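# Observations on the model geometry
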Amino acid sequence: MSGLECLHFVDETFTALHGDRDLPLSRVHVTSELSQGDRPQIPQPVSPARATLVQTAARSLRSSLDSSSTQSGLRSPLHQRFTSKELQTSQRGLDMRLLGLLAVVLLLEVSCCQSNRPTRPGGKPAKKTAAQGASVPRPPPAEGDPPVAPGGGGAEGPVEAATEAQPGGPVVGQQAEAMRLQYLRNPQVTCNDGSAAGFYLKEFRGSRKWLLFLEGGWCCYNKETCDSRYQNIPRLMSSSAWPQSRRGSGILSTRAEENPHWYNANIVFIPYCSSDVWSGIGPIPTTPRARQGPEREKERNTTEYTFMGSLIIREVIKDLIPKGIKQGKVIMLAGTSAGGTGVLLNIDRVAGQLEAMGAEAHVRGLVDSGWFLESQQQLAQTCPETISCSPEDAIKKGLRMWNGVVPDRCRQSYKRGEEWQCFFGHKLYATLTSPLFVVQWLFDEEQLRVENIVLGGSLSEVQWTYLQNLGRELKNSLRDVTAVFAPSCLSHTLITKSNWINFQVKGTSLPRALQCWDRSFQDANRNRTPPRGCPFHLVDTCLRPQCNPTCPALVHRATQQEMTLVQMLVAMGLDIQRLGFEPRRDQAASPAGASASASASGG
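Described in the following lines is the structure provided in the data block. Only a predicted model underlies this, so the values are computations on that prediction, with no experimental measurement involved. (Residues numbered from 1 in each chain as written. Predicted model: local features only at pLDDT ≥ 70, side-chain atom pairs only at ≥ 80, totals over all residues. Heavy atoms only, no water.)

## Points about the state of the cysteines
For clarity, the threshold we go by: The term disulfide is used for any two cysteine sulfur atoms that are within 2.5 Å. Comment: elements are numbered from the N terminus, with helices defined as DSSP H or I runs of at least four residues and strands as E runs of at least two. Exposure categories follow from relative accessible area, calculated using a 1.4 Å probe and restricted to protein chains: below 20% of the type maximum is buried, above 50% is exposed, and the middle band is partly exposed.
All told, the structure shown has 6 disulfides when counted by the stated rule. Between the sulfur of Cys 191 and that of Cys 273 lies a disulfide, 2.2 Å long from S to S. An S-S torsion of about -75° defines the bridge between Cys 191 and Cys 273 as left-handed. In this pair, Cys 191 is assigned in the loop between β1 (178-183) and β2 (198-202) and Cys 273 in the loop between β5 (266-270) and α6 (293-303), connecting sequence segments 82 residues apart. The exposure class of Cys 191 is buried, given its relative accessible area of 0%. The disulfide bridge from Cys 516 ends at Cys 534, spanning 1.9 Å between sulfur atoms. Negative torsions about the S-S bond denote left-handed disulfides, and the value of about -100° found for Cys 516 with Cys 534 makes this one left-handed. With Cys 516 in helix α14 (residues 510-525) and Cys 534 in the loop between α14 and β14 (537-539), the pair connects residues that are 18 residues apart, well separated along the chain.

## Some points on empty space enclosed by the protein
The condition that has to hold: Here a cavity is any set of points on a 1 Å grid over the protein atoms alone where a 1.4 Å probe fits but cannot get out, and a pocket is any open set with protein on both sides within 12 Å along at least 5 of 7 lines; a residue lines the site when it has an atom within 4 Å of a point. Grid points are joined across faces, edges and corners, and a volume is the space filled by probe spheres set on the points. Here the nonpolar group is Ala, Val, Leu, Ile, Met, Phe, Trp, Tyr, Cys and Pro; Asp, Glu, Lys and Arg are the charged ones; every other residue, Gly included, is treated as polar.
Scanning the entire structure with this criterion turns up 5 cavities of 30 Å³ or more. Along its surface, the largest cavity is lined by Trp 218, Val 277, Ser 337, Ala 338, Thr 341, Phe 372, Pro 391, Ile 395, Phe 423 and Phe 424. At the level of secondary structure, the elements contributing two or more residues to the lining of the largest cavity comprise α8 (338-356) and α9 (391-402). Here the lining of the largest cavity is built from residues that sort into 8 nonpolar, 2 polar and no charged. Of the voids in this model, the second largest cavity is the one considered here, and its volume is about 60 Å³. The wall of the second largest cavity is formed by Glu 445, Leu 448, Arg 449, Ile 453, Val 454, Leu 455 and Arg 557. Residues of the lining of the second largest cavity, tallied by class, amount to 4 nonpolar, no polar and 3 charged.

## Considerations on α14
The test is simple: An expected span of 1.5 Å times one less than the residue number is assigned to each helix. Only heavy atoms enter the contact rule, under which two residues are in contact if any of them lie within 4.5 Å.
Taking 1.5 Å per residue, 16 residues should reach 22 Å; α14 reaches 23 Å between its end C-alpha atoms and fits that length. Within α14, 12 of the 16 residues are buried, leaving the element largely enclosed by the surrounding structure. Of the positions making up α14, those classed as buried are Leu 510, Pro 511, Ala 513, Leu 514, Gln 515, Cys 516, Trp 517, Asp 518, Ser 520, Phe 521, Gln 522 and Asp 523. Among the structural elements, β6 (330-336), β7 (362-368), β8 (436-439), β10 (483-486), β13 (508-509) and β14 are those in contact with the buried residues of α14. The first or second residue beyond α14 is Asn 527, which carries a positive phi of 55°.

## Regarding the pattern of salt bridges
The criterion, for reference: Each reported salt bridge corresponds to a side-chain nitrogen of Lys or Arg within 4 Å of a carboxyl oxygen of Asp or Glu.
Summed over all chains, the structure comprises 15 salt bridges. Between Arg 235 and Glu 215 there is a salt bridge, and its shortest N-O distance comes to 2.9 Å. Here Arg 235, found in the loop between α5 (223-232) and β4 (245-247), pairs with Glu 215, found in the loop between β3 (209-214) and α5; they are 20 residues apart in sequence, far enough to count as distant. The partner of Glu 315 in a salt bridge is Arg 314, with the nearest N and O atoms 2.9 Å apart. Its relative accessible area of 34% is what places Arg 314 among the partly exposed residues. Where salt bridges share partners, they join Lys 223, Asp 227 and Glu 304 into one cluster.

## Regarding unusual backbone geometry
Located in the positive-phi region is Trp 218, a residue other than glycine, with phi close to 55°. With respect to the helices, strands and loops of the structure, Trp 218 is situated in the loop between β3 and α5. At Ser 275, a position not held by glycine, the phi torsion is positive, near 55°. Tracing the backbone through its elements, the reader meets Ser 275 in the loop between β5 and α6.

## Here's the deal with the sheet that holds β7
What counts is decided by this rule: Only strands that DSSP links by at least two bridges are regarded as paired with each other. Every angle, taken between N-to-C directions, lies between 0 and 180 degrees, and every axis is a line fitted to C-alpha atoms, over only the stretch in contact when it is a helix.
The 10 strands are arranged β4-β1-β2-β5-β3-β6-β7-β8-β10-β14 in an open sheet whose pairing can be described as mixed. The strands lining the two open edges of the sheet, one partner per strand, are β4 and β14. Recorded for the sheet is a direction-independent mean angle of 20° between the axes of neighbouring strands. Together, β1, β2, β3 and β5 form the strand contacts of helix α7 (residues 309-319), whose direction differs from that of β5 by roughly 150°.

## Considering α8
For α8, spanning 19 residues, the distance from its first C-alpha to its last is 27 Å, which sits close to the expected 27 Å at 1.5 Å a residue. At the exit of α8 stands Gly 358, carrying a positive phi of roughly 95°.

If you want it as structure tokens, here you go:
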């Protein structure tokens, strides 16, 4: 940069900061991006404190210029525009002095710009919206939360973490919502097809809370069901098409308004690609030896795919050591559906692994929609299709093929060959030592599907009776569970729904119940009496499906229309008056009742 260009830049910078434009500090902008000899570009605003630093440097520069220009015979200190000829006749030391002072200004500007301008993973500045100035109320700090700076801000995010402001969402201390894919460092632990297993990570710098989430997706248990699964849902058996990033919702969200208690945790999403309910420790696939008949078929079933769900969890935790999981204060292993059952099977093993590593974290489990009951129907022994095979039959068949493992204390409670019973929460829960929170709809859709009850299909009165009894049985199975949230609704999975905060039992939402559960550990450690009005054992007392007013809407599978329970039962062919319903009152309570009813009767 020539002396003339330096002076032009200094002139424009000083004028913007302190000169003729007389701009208030809140409007001051600086930049380190210069085009050739042109005036600076104007990006993000600078804080008053940092703008003052630049002003001070600019004043010093002006003073130096005044002195230097007087010595060199130049009459106007700064605003005079110099010609190339004048600069050539000035003292050489002036140029060197100008460049030195200019470097100071530039360094201050680079610091200001980079400190105030968030960057996306690609390095581009994030957009700002009006919502970014809004203050958002946050819950009181919980165990493991990062320190909160004065003014409500949280910990700073990682270098490559940035996010566009969501309407009404938090800004200060908020991290990028995207979780980034990382493959396991141990190449021997793989998905079903031998492709690399991995996990998605979103760090929250300064937080000592960790949330490890196990994805769900049922299982396969013989060659036919695994081949069908690989053909129809390959992402549950292979990592070859996994995206490089994912965004979370519900308890995986980074927005405080959506996830008030865990938005500031380090979040680890572990994709399900082992098809073994997270239980397998099977060997690496090998080439079958040449055998004939049943022996060859048995060998193909056990070696064609790899089942390493439990090992994947173990390796993920190992890979998180450099990220600071050993220094974690609270580590929660969560999961939905088959992932929820995976939490039951692995929570004590995870706690033992972390303890062996020297971690002093409090390890907990969160089981969502993974608390299944044995089937009441006697299905065919072959059950070649997943949907026609009861949970216990699928587990019995799969356990041998997966080389699956169950918690030691539960395994010791049953004779050899009966280990499959440890996959059912009501039989496993009492043998576990780690604290668990169970989230379970009393009328779980996947439990009903096992009994061939599908919303929108046909329904007999016998099946309706079973459906009502299911709610009672599930309620009874949760009686001895310390921490539970069980709404009387027809649905499946809850904690990853974006509106999970809306569902309540006895006036308490699930995020609130989880916070009360967390506080109970803190109170116990400090020998304090738990506060009143902070419950975390919440089971609906009404026994009819959808009797909870906060239940999610029912959706007819064929028409995709939202319906009330009565409308759904009518569409499924039941005489609702014989069942004791009052259809007029029920439809009047639904704003969409008339249109939904018409749609149902027309379909």
